[in-house]
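Residue strings, one per chain:
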Amino acid sequence: MDSKIRIVTAALFFIALIAALVVVYTLKSNSRAISPDKPEISGVSASGSYKVFQKNGLYGVVNSEDEIIIEAVWDYIYSPRNGKFIVGETKRGIMYYGAVDENGNTSIPVLYAGIDVLNSELLCAETFEGKFAIYNTELDAFSDEEFFEINENSDGSYEFSAKNIIYTTVVSNRKIYIEKLSVNCNVDTTSKYIDIIPNSNITYEDAKDYIQMAFESSDFIEALFFGNSKGKYSYSLLDDSVLLGENPNAQKNFYSLKSIIPSITNDESGIKYECCVGFAYGVPVDDTQNTGEFIDNRYEVNAYLTFQKDFEGNFDIVSCTFSNS
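**Description of the packing of aromatic side chains**
So, step 1. Under the definition given, this model contains 20 aromatic pairs.
So, step 2. Taken together, the aromatic side chains of F142, F147, Y158, F160, Y167 and Y204 make up a single cluster linked through ring pairs.
So, step 3. Its end group placed over the ring of Y96, K91 keeps NZ or CZ at 5.3 Å from the ring centre.
So, step 4. Over the face of the ring belonging to F225 we find K252, whose NZ or CZ atom lies 5.8 Å from the ring centre.

The structure is reproduced here in structure tokens:
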């Protein structure tokens, strides 16, 4: 009996020893040495060859070799594109958002109330005043101005509305281009949004020239009908006898601005800045019944303007011709 007990006891001891060894090996194989210089990788987020890690409650980024490329100093990190990161920092209980690149350089200043991903190519940063700045996912700014409204069209293009201008934009090769401008042009008390469609998609910087020519053209038409109070245009450019026809002393009346079509062309002679402005006006004439009353003969006319751009980027009108539209 004693020998059987000893055999059973020995067997149980052997089984317990093997089990203990298995447990120790399992714990050892699953353990990971955590060094202060190499923070633990958490599964917070991952993007391509980059991973987000957490340390002391803050977030940073490591590369595929677990090398720190962005220190754990942020309260929030999200990657819209491999190597680009939207980050957030809490200041006085308020989260401020910006973006950094794969080298930790701040590409979007950390001062926005939020940053949204509009699509795979566009980021929208909202200010605390409710305006919007637009960036591509390479973290390049679209413009040097902020917008008060953003709308997506059914074809996937976006409209960015600023004061007096709406930019209709598309993205190509990760760059933002403008395919249409809607410019609010004014002539005296009349204002109208004019659509301007360049021959090809243009950058925001190029759009400034088109917009400036549109505003200059509407100012010229205003001076034509309501006087050149600022002395901006020469007398020769305001010689509009062609508009008055057989009534050189008549008072012409402005009716409506029809169109403004600026163009920029470049050939061997250089860059040409031109604009065609369509408008409607009337000239009072005696009515056919000879009652002494006057009626307006209405006309639609095109003014063809050429511009010269100075070194400061301002435009001057150097010639103008009229024709019936």
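**Considerations on the nonpolar core**
So, step 1. In terms of nonpolar packing, the biggest core is built from 53 residues, with Y167, L181, F220, I221 and F279 touching the most fellow members.
So, step 2. It is helix α2 (residues 204-226) that provides the largest number of residues to this core, a total of 11 residues.

**With respect to α2**
So, step 1. Over its 23 residues, α2 extends 32 Å from the first C-alpha to the last, a length consistent with the 33 Å expected when each residue adds 1.5 Å.
So, step 2. Note on α2: the residue one or two positions beyond its end, G227, has a positive phi of about 100°.

**Remarks on a nonpolar patch on the surface**
So, step 1. The grouping of Y76, Y78 and V117 at the surface amounts to a nonpolar patch, some 240 Å² of accessible area in total.
So, step 2. Tracing the sequence through the fold places V117 in strand β9 (residues 114-117).
So, step 3. On the accessibility criterion, V117 (37% relative accessible area) is partly exposed.

**So, the sheet that holds β9**
So, step 1. Here we have 3 strands laid out as an open sheet, ordered β9-β10-β11, and antiparallel in their pairing. The open sheet terminates on both sides in strands that have one partner only, identified here as β9 and β11 (132-136). Ignoring which end each strand starts from, the neighbouring axes of this sheet average 25° apart.
So, step 2. Across 5 bridges, the pairing between strand β10 (residues 122-126) and β11 is antiparallel.

**Observations regarding unusual backbone geometry**
So, step 1. Located in the positive-phi region is N164, a residue other than glycine, with phi close to 70°.
So, step 2. You can see N164 is positioned in the loop between β13 (158-162) and β14 (165-172).

**So, the side chain of S217**
So, step 1. For S217, the location among the structural elements is in helix α2.
So, step 2. Setting aside residues up to four positions removed in sequence, S217 forms contacts with I260, C275, V277, L305 and F307.

**Thoughts on the sheet that holds β13**
Within a sheet, neighbouring strands are paired by backbone hydrogen bonds and run either parallel or antiparallel to one another.
So, step 1. Strand order in the open sheet made by the 5 strands is β12-β13-β14-β15-β16, with antiparallel pairing throughout. Of all the strands in the sheet, the pair left with one neighbour each is β12 (149-152) and β16 (190-196). Taking the axes of each pair of neighbouring strands and ignoring which way they run, one obtains an average angle of 20° across the sheet.
So, step 2. Each of β14, β15 (175-187) and β16 is contacted by α2, which is oriented at about 10° to β15, the strand it contacts most.

**Structural notes on the pattern of salt bridges**
So, step 1. Evaluated as defined, the whole model comprises 12 salt bridges.
So, step 2. Among the salt bridges present, the one from K84 reaches E102, with a minimum N-O distance of 3.3 Å. With a gap of 18 residues between them, K84 in strand β6 (residues 84-91) and E102 in the loop between β7 (94-101) and β8 (106-112) connect regions that are remote in the sequence.
So, step 3. Since its relative accessible area comes to 12%, K84 is described here as buried.
So, step 4. With a relative accessible area of 25%, E102 lands in the partly exposed category.
So, step 5. Taking the shortest distance from any N to any O, the salt bridge between K272 and D267 comes out at 3.7 Å.

Definitions and limits used
- Residues numbered from 1 in each chain as written.
- Predicted model: local features only at pLDDT ≥ 70, side-chain atom pairs only at ≥ 80, totals over all residues.
- Heavy atoms only, no water.
- Phe/Tyr/Trp six-rings, centres within 6.5 Å; stacked < 30°, edge-to-face > 60°.
- Lys NZ or Arg CZ within 6 Å of the ring centre and 35° of its normal.
- Core = buried A, V, L, I, M, F, W, Y, C linked by side-chain atoms within 4.5 Å.
- Buried < 20%, exposed > 50% of the residue type's maximum accessible area, 1.4 Å probe, protein only.
- Helix = DSSP H or I, 4+ residues; strand = E, 2+ residues; numbered from the N terminus.
- Expected span 1.5 Å × (residues − 1).
- Patch = residues over 30% accessible without salt bridge, like charges linked within 9 Å, V, L, I, M, F, W, Y side chains within 5 Å.
- Areas by Shrake-Rupley, 256 points an atom, 1.4 Å probe, with all protein chains shown as cover.
- Salt bridge = Lys/Arg side-chain N within 4 Å of Asp/Glu carboxyl O.
- Pairing = 2+ DSSP bridges.
- Axes fitted to C-alpha atoms, helices over the stretch in contact; angles between N-to-C directions.
- Contact = heavy atoms within 4.5 Å.

Function-wise, these values are silent; they only describe arrangement.
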